[in-house]
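This is what each chain is made of:
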Amino acid sequence: MGIDWFAFLTVAVVAVVASCFVVSVYSVGLRFWSAADTRAGKFTVKDDGTIGPATAGFPNPAGSTGAVRGLRSLAIACFVVCAATVLYGIYLIVPQFH
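Anyway, here's the lowdown on the structure attached to this text.

Examining the overall build of the protein chain
Each helix and strand counted, the protein chain has two helices and two strands in total. Tracing the protein chain from N to C terminus, the helices and strands come up as α-β-β-α. Out of the 98 residues in the protein chain, the part that is buried amounts to 17%. For the protein chain, the exposed area adds up to about 7400 Å²; of that, 73% sits on carbon and sulfur atoms.

Right under this line is the structure:
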């Protein structure tokens, strides 16, 4: 009885690629969510590049609600893709689901 090294390598590569994909898409979703919060006026970007809480005088440009809605929609789409990928992985692992 021997080990099928090609199958082992295939599983290892697919696991690494899938986990990198989920982490990358989730982080992009967080970035979209953060950008929406910044556009909505919840945070301000200071001159040195750091982000802090919004001040009372933070300008909230008119018409930014469409951009906020779009960024939040992109963020939610990223989170849905992550959830679907994880659920598909669980489906592949658990034999009772087949």
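From this point, the discussion proceeds with the structure in view.
Observations regarding the packing of aromatic side chains
Applying the stated criterion to the full structure yields four aromatic pairs. A centroid spacing of 5.2 Å and a plane angle of 45 degrees characterise the contact between Tyr-26 and Phe-79, whose relative ring orientation is tilted. Taken together, the residues Tyr-26 in helix H1 (residues 5-40) and Phe-79 in helix H2 (residues 64-93) connect sequence positions 53 residues apart. The class of Tyr-26 is partly exposed, set by a relative accessible area of 41%. Through a chain of ring-to-ring contacts, the aromatic side chains of Tyr-26, Trp-33 and Phe-79 assemble into a single cluster. Directly above the aromatic system of Trp-33 lies the positively charged group of Arg-72, at a separation of 4.4 Å from the ring centroid.

Considering H1
For H1, built from 36 residues, the straight-helix expectation of 52 Å at 1.5 Å per residue is met to within 8% by its first-to-last C-alpha distance of 52 Å. When H1 is considered as a whole, its buried residues turn out to be Val-22, Val-25, Gly-29, Ala-35, Ala-36, Asp-37 and Thr-38. Gly-41 occupies a position one or two residues after H1 and carries a positive phi of about 95 degrees.

Considerations on the environment of Thr-38
Residue placement: Thr-38 occurs in helix H1. Through-space distance from the C-alpha of Thr-38 to that of Ile-51 is 8.8 Å; in sequence the pair is 13 residues apart.

Considering a nonpolar patch on the surface
A contiguous nonpolar surface patch, about 830 Å² in accessible area, is contributed by Val-86, Leu-87, Tyr-88, Ile-90, Tyr-91, Leu-92, Ile-93 and Phe-97. Topologically, Ile-93 is positioned in helix H2.

Considering the state of the cysteines
All told, the structure shown has zero disulfides when counted by the stated rule. You can see Cys-78 has no disulfide; the closest cysteine sulfur is in Cys-82, sitting 7.0 Å from it.

A look at the environment of Ser-24
Among the structural elements, Ser-24 can be located in helix H1. In sequence terms Ser-24 and Cys-82 are 58 residues apart; their C-alpha atoms lie 9.4 Å from each other. A distance of 2.8 Å separates a polar atom in the side chain of Ser-24 from the backbone oxygen of Cys-20.

Side note on the side chain of Asp-37
Here Asp-37 lies in helix H1. Under the relative-accessibility criterion, Asp-37 is labelled buried at 10%.

Conventions we followed
Residues numbered from 1 in each chain as written. Predicted model: local features only at pLDDT ≥ 70, side-chain atom pairs only at ≥ 80, totals over all residues. Heavy atoms only, no water. Helix = DSSP H or I, 4+ residues; strand = E, 2+ residues; numbered from the N terminus. Buried < 20%, exposed > 50% of the residue type's maximum accessible area, 1.4 Å probe, protein only. Areas by Shrake-Rupley, 256 points an atom, 1.4 Å probe, with all protein chains shown as cover. Phe/Tyr/Trp six-rings, centres within 6.5 Å; stacked < 30°, edge-to-face > 60°. Lys NZ or Arg CZ within 6 Å of the ring centre and 35° of its normal. Expected span 1.5 Å × (residues − 1). Patch = residues over 30% accessible without salt bridge, like charges linked within 9 Å, V, L, I, M, F, W, Y side chains within 5 Å. Salt bridge = Lys/Arg side-chain N within 4 Å of Asp/Glu carboxyl O. Disulfide = S-S within 2.5 Å. Polar contact = N/O pair within 3.5 Å; in protein donor to acceptor, adjacent residues only side chain to side chain.

Read these as spatial facts, not as claims about activity.
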